[in-house]
Amino acid sequence: MKADEADLQVLLHRTFAGDQSAYRELLTQLQLLLQKYVKKQLVQAGRTDHERDDIVQEALFAIHNRWSTYDRALPLTSWAYAIARYKLIDYLRKSNENARMLSLAEIEPTPASDSYATDTAITLGRLVAMLPSNLRQSIELVRVRGLSIKEASIALGMPEGSIKANIHRGIKKMTEDFRKD
Amino acid sequence: MTDEFIFHLSRHPPRRRRISPTVVLIGVSALSLAVASALSVLWLSPRDDLTAAIGNNHVFLLKFVFLLGINIPAMWIVRDLSIPGKGIRSPMFFGVILFILVIGLIGFKLANGNVGTFHNRSARALLECLWLIPILAALPFVILAGALRRLGPTDLRITGAFVGLLAGGIGAVAYALHCDHDSLVFVGIAYTAAILETALLGLLLGPRLLRWT
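Residues numbered from 1 in each chain as written. Chains lettered and ligands numbered in written order. Predicted model: local features only at pLDDT ≥ 70, side-chain atom pairs only at ≥ 80, totals over all residues. Heavy atoms only, no water.

## A look at the overall build of chain B
Logical step 1: Tallying secondary structure elements over chain B gives eight helices and zero strands in all.
Logical step 2: The N-to-C order of helical and strand elements in chain B reads α-α-α-α-α-α-α-α.
Logical step 3: For chain B, with 213 residues in total, the buried portion stands at 48%.
Logical step 4: Restricting the contact set of chain B to residue pairs at least 6 apart, pairs at least 24 apart contribute 85%.
Logical step 5: As displayed, chain B has an accessible area near 10400 Å², and 69% of this comes from carbon and sulfur atoms. (Helix = DSSP H or I, 4+ residues; strand = E, 2+ residues; numbered from the N terminus. Buried < 20%, exposed > 50% of the residue type's maximum accessible area, 1.4 Å probe, protein only. Contact = heavy atoms within 4.5 Å. Areas by Shrake-Rupley, 256 points an atom, 1.4 Å probe, with all protein chains shown as cover.)

## Concerning the pattern of salt bridges
Logical step 1: Scanning all chains against the criterion turns up seven salt bridges over all chains.
Logical step 2: The salt bridge partner of A:Lys87 is A:Glu58, with a shortest N-O separation of 3.9 Å. Here the residue A:Lys87 occupies a position in helix α4 (residues 76-95), and A:Glu58 occupies one in helix α3 (residues 52-65), the gap between them amounting to 29 residues.
Logical step 3: A salt bridge links B:Asp49 to B:Arg47, with the shortest nitrogen-to-oxygen separation between them at 2.7 Å.
Logical step 4: A relative accessible area of 5% means that B:Arg47 is categorised as buried. (Salt bridge = Lys/Arg side-chain N within 4 Å of Asp/Glu carboxyl O.)

## Describing helix α1 (residues 5-16) of chain A
Residues and elements named next belong to chain A.
Logical step 1: Relative to the 16 Å expected for twelve residues at 1.5 Å per residue, α1 spans 16 Å between its end C-alpha atoms, a close match to the ideal helical length.
Logical step 2: Counting buried residues along α1, eleven of its twelve residues qualify, which places the element largely inside the surrounding structure.
Logical step 3: Taken together, the buried positions of α1 are Glu5, Ala6, Asp7, Leu8, Gln9, Val10, Leu11, Leu12, His13, Thr15 and Phe16.
Logical step 4: Once α1 ends, the next one or two residues include glycine 18, with phi positive near 95°. (Expected span 1.5 Å × (residues − 1).)

## Some details on the interface of chain B and chain A
Logical step 1: Contacts between the two partners involve 34 residues from chain B, matched on the other side by 33 residues from chain A.
Logical step 2: Together, B:Pro14, B:Arg16 and B:Trp212 form the three largest contributors to the area buried by chain B at its contact with chain A, with a combined 21%.
Logical step 3: Where chain B packs against chain A, one counts two salt bridges.
Logical step 4: The salt bridge partner of A:Asp71 is B:Lys86, with a shortest N-O separation of 2.7 Å.
Logical step 5: Counting the contacts that link chain B with chain A gives seven residue pairs in polar contact (both at pLDDT 80 or more).
Logical step 6: At the level of elements, α1 (2-10) and α6 (120-150) of chain B are the ones that each hand at least two residues to the side of chain B that touches chain A.
Logical step 7: The leading source of residues in the side of chain B that touches chain A is α1(B), at seven residues. (Buried area = accessible area lost by both parts, 1.4 Å probe. Polar contact = N/O pair within 3.5 Å; in protein donor to acceptor, adjacent residues only side chain to side chain.)

## Examining unusual backbone geometry
The bulk of non-glycine residues show a negative phi, and the bulk of peptide bonds are trans.
Residue and element names in this part refer to chain B.
Logical step 1: Unusually for a residue other than glycine, serine 45 sits at a positive phi of about 70°.
Logical step 2: Here serine 45 shows up in the loop between α2 (21-44) and α3 (50-56).
Logical step 3: Assessed through its relative accessible area of 37%, serine 45 is described here as partly exposed.

## Digging into the packing of helix α6 (residues 133-144) of chain A against helix α7 (residues 149-156) of chain A
Residue and element names in this part refer to chain A.
Logical step 1: At a closest axis distance of 9 Å, the pairing of α6 and α7 adopts a crossing angle of 135°. Of the possible angle classes, the one that applies to α6 and α7 is oblique. Helix-helix and strand crossings are classified by hand; for α6 and α7 the assignment is right-handed. Contact with α6, carried on its side by Gln137, Ser138, Leu141 and Val142, involves Ile149, Ala152, Ala155 and Leu156 of α7 and no other residues of that element.
Logical step 2: Here the contact of α6 with α7 is composed, by residue class, of six nonpolar, two polar and no charged. (Axes fitted to C-alpha atoms, helices over the stretch in contact; angles between N-to-C directions. Parallel < 35°, antiparallel > 145°, perpendicular 65-115°, else oblique. Left-handed = near helix turned anticlockwise from the far one by under 90°. Nonpolar A, V, L, I, M, F, W, Y, C, P; charged D, E, K, R; others polar.)

## Quick look at the nonpolar core
Logical step 1: Counting residues in each nonpolar core, the largest one holds 82 residues, and the members touching the most others are A:Leu26, A:Ile63, A:Trp67, B:Tyr175 and B:Tyr191.
Logical step 2: Apart from residues no more than four positions distant in its own chain, B:Tyr191 is found in contact with B:Lys63, B:Phe66, B:Leu67, B:Cys129, B:Ile133, B:Ala172, B:Tyr175, B:Ala176, B:Cys179 and B:Phe186.
Logical step 3: Residues A:Leu127, A:Leu131, A:Ile139 and A:Ala152 belong to the second largest nonpolar core, which totals twelve residues. (Core = buried A, V, L, I, M, F, W, Y, C linked by side-chain atoms within 4.5 Å.)

## Points about a nonpolar patch on the surface
Logical step 1: Together, B:Leu200, B:Leu201, B:Leu204, B:Leu205 and B:Leu209 give the surface a local cluster of nonpolar side chains, amounting to about 440 Å² of exposed area.
Logical step 2: With respect to the helices, strands and loops of the structure, B:Leu205 is situated in helix α8 (residues 184-209). (Patch = residues over 30% accessible without salt bridge, like charges linked within 9 Å, V, L, I, M, F, W, Y side chains within 5 Å.)

## Observations concerning α1(B)
Logical step 1: Of all the residues in α1(B), the buried ones are B:Thr2, B:Phe5, B:Ile6, B:Leu9 and B:Ser10. For α1(B), the buried positions fall inside an angular range of 130° around the axis, keeping them on one side. α1(B) presents B:Asp3 and B:Glu4 as exposed residues on the side facing more than 90 degrees away from its buried surface.
Logical step 2: Those residues of α1(B) that are buried lie in contact with α2 (20-44) and α3 of chain A. (Arc of directions from axis to C-beta.)

## Comments concerning the environment of B:Phe64
Residue and element names in this part refer to chain B.
Logical step 1: Looking at the secondary structure, you find phenylalanine 64 in helix α4 (residues 58-81).
Logical step 2: Under the relative-accessibility criterion, phenylalanine 64 is labelled partly exposed at 23%.
Logical step 3: Along the chain, phenylalanine 64 and glycine 107 lie 43 residues apart, while their C-alpha atoms are 17 Å from each other.
Logical step 4: Leaving out residues up to four positions away in the same chain, phenylalanine 64 has contacts with Val173, Ala176 and Leu177.

The following block contains the structure:
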């Protein structure tokens, strides 16, 4: 399933807490996003898309090594796209024997994001990530992933009433945290 | 292949607490200033009346205010350029600040009557400025570029220009310890020209020197 900015922020929060599986999922989701972007740019630059995986791999490696440059006020996707764009241009320059110096302008700017929607998604992602795990899991499954109360209760092994209560308490806590901000 | 690669990377999730680009840039700018100042003191020697000038000469101090007005916005812009996806909010903003500073400086001098003459001594000092400031800026440029390569500048040409500008500003602070030419018109013209010279060098060298390590 394709993740949106709020999902990625939740995964990032768990990653920073040392959760290896969340980090694996985060890198996998970023890989899916970047593959699509790089493929499109390669085709536009008149190249075959079989080089795509090398570029995406380089971008993921740069992402892994440059977390210190991620500004949490920015959408994670914008940051990742900018890195992929840099790696794509670097790759095209290196692999072009005619050494035509590609300017940044020749590669399509990274996908624009709706700033209001993105800001909201980031804020929501952070608020969800700040919740205690029992509340967070219930909200993630029902409100983010779209599972029914019954499905979530089976997935988490909790009575349906507890799931409903967790969602109610979680949203109340998110409202309080938002007001404190 | 990529799945294995992701699995390998995910065994080492990043830590939350890391040194931010802001802290890195403040640190390397301070280091660059210390290195350039040491070079200026050891190689060019400080001006004879340095201690008296710090205490009494407000024009001498205004030089530093002027240079601070260049270096702080330049550092802020370099910080933004070192973060992928952030870019500079308004590249013209810096040009406007620089323009206001130069005009303000010259206006201040005019308002105070004595415009000063741009005589032979000034011309000699201008030429000296144009080659000594870039020399003093060389090590700061190398130090700043070394740090930037470990961050994430994505537009190497523009980042190179602003790194050159910042290095030039730092070199100019170091040079001001030696330079006894306190005419504000001179500072506005000569220092600005020398700093723009290093910015131009940065623009040309950026794509080669700022590639990520």
